[in-house]
Amino acid sequence: MAAVVSAASSLAKSVQELAINTSAPPEKYIRKEGIGGSPSELPYLDIPVLDLSLLNSSSPEAEEELKRLRFAFSSCGYFQAINHGIDTSFLDEVHDVTREFFTLPIEEKKKYSRDADDIDGYGNDTVYSENQTLDWNDRLYLNIKPENKRKMKVWPENPTTFRKILLDLTAKLENINENLFKAMAKSLGLEENSFLKQYGEDPIVLSRFNLYPPCPTPDLVLAAKAHGDASAMTYLLQDKQVEGLQALKDDQWYKVPIIPNAIVVNVGDQVEIMTNGIFKSPIHRVVTNPERERMTIAVFFTPDPTSEIKPVDELIDEKNPKFYKSVIDYTGNYFKFFQLGKRPLDALKV
Ligand code: OGA
Ligand code: NI
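Residues numbered from 1 in each chain as written. Chains lettered and ligands numbered in written order. Predicted model: local features only at pLDDT ≥ 70, side-chain atom pairs only at ≥ 80, totals over all residues. Heavy atoms only, no water.

1. Notes on the site of ligand 1
Neighbouring ligand 1 are 13 residues; Tyr212, His227, His284, Arg294 and Thr296 lie closest to it. Between an oxygen atom of ligand 1 and a side-chain N or O atom of His227, the distance comes to 3.1 Å. Contact between ligand 1 and Arg294: an oxygen atom at 3.0 Å from a side-chain N or O atom of the residue. If you tally residues by element for the shell around ligand 1, the top one is strand β12 (residues 294-302), at four residues. The class makeup of the residues in the shell around ligand 1 is six nonpolar, four polar and three charged. (Near = heavy atom within 4 Å. Polar contact = N/O pair within 3.5 Å; in protein donor to acceptor, adjacent residues only side chain to side chain. Helix = DSSP H or I, 4+ residues; strand = E, 2+ residues; numbered from the N terminus. Nonpolar A, V, L, I, M, F, W, Y, C, P; charged D, E, K, R; others polar.)

This is how it looks when you write it as structure tokens:
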């Protein structure tokens, strides 16, 4: 009995606490199928670097940049955004408050703990099933929009600038996202609002602050298991020093390189649906590091849950028949789809 109790209480611990005195992570974190491939030996993803200031400009280079956007999203589903208009000094502030939050004493952080049956707040991997392998990761997960979905009791007030910085970051990314959605439509020869129309009046913005503590057995434990994002579009501020993100392309894992101050942008499942599978929502994962901790900030843009998401008519023809069924509230149903198919998206194939 005692063993069960201590096993249960060790699971409630943050990964940060587990990482302090352990040479062997608890069984629940060990991958049964192994990880496959030593990260240090994997090749780097040849990830396009796009100049966002060109995408919607009237300069002659814009056309070329739109072609590169189309190539990026229809091949690996990723690009690194530069000239995105967010100052380096502001990005540093975002990284700084993230670090300050995660280095607060554990008791202070626990003031913002998520409830057991909720995802909003500070905590470790949400457990959906008994035999789930857990991720070596603590996160602070916050619903930012719509405003009535904010759970202010789990929004840190320490550091004092945290809330303001998060809202500023959101506003800047919203701007980028709107321009990117227009550019995506143009890159496919569509009217620029083709995707924004489906995006709806009251879209969802979610943020996830990730802490990946060092792990003594990196070959056995993942920091984030392989997944596709349930969003329409994801923006990631990578750690500026420590690598960890990997993307799957043609059945091969690639490391996503760090470009300091670039924003890593990836297609989420809902853009794959809207583009009838032309743009790919990449499968990705995060590996653990034996020595160094890693911190990232991910912001997810997701259509209004009442809006119907479906392949844009102009992208369906005899050569490219309709690939996905329409869906309402994909994000809300993500884990339900998970139960049906290997990948939630598979559940929506025609
Ligand atoms: C995510 C994610 C990657 C990273 O939060 O969905 O894939 O490097 N994060 O933190
Ligand atoms: Ni992800």
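2. Looking at the pairing of strand β8 (residues 245-249)
Each regular strand displays side chains that alternate between the two surfaces of the sheet. As defined by bridge partners, β8 adjoins strand β11 (residues 284-287) across three bridges and the pair is classed as antiparallel. Bridged to Ala247 within β11 is His284. Sheet analysis places β8 next to strand β9 (residues 252-255), joined by four bridges and oriented antiparallel. Counterpart to Leu248 in the pairing with β9 is Trp253. Hairpin remark: β8 followed by β9, antiparallel, with two residues in the connecting loop; positive phi at Asp250, about 45 degrees. (Pairing = 2+ DSSP bridges.)

3. Some words on the sheet that holds strand β10 (residues 263-267)
Strand-to-strand pairing in sheets goes through backbone hydrogen bonds, with the strands running parallel or antiparallel. Within the open sheet, the eight strands sit side by side as β1-β2-β10-β7-β12-β5-β4-β3. Their pairing is mixed. Pairing within the sheet leaves two strands with one partner each, and these edge strands are β1 (49-51) and β3 (121-124). Strand-to-strand twist of the sheet, defined as the mean angle between neighbouring strand axes without regard to direction, takes the value 25 degrees. Bridge analysis of strand β7 (residues 233-237) against β10 gives four bridges, and the strand direction is antiparallel. Within the sheet, the bridge partner assigned to Thr234 lies in β10 and is Asn266. (Axes fitted to C-alpha atoms, helices over the stretch in contact; angles between N-to-C directions.)

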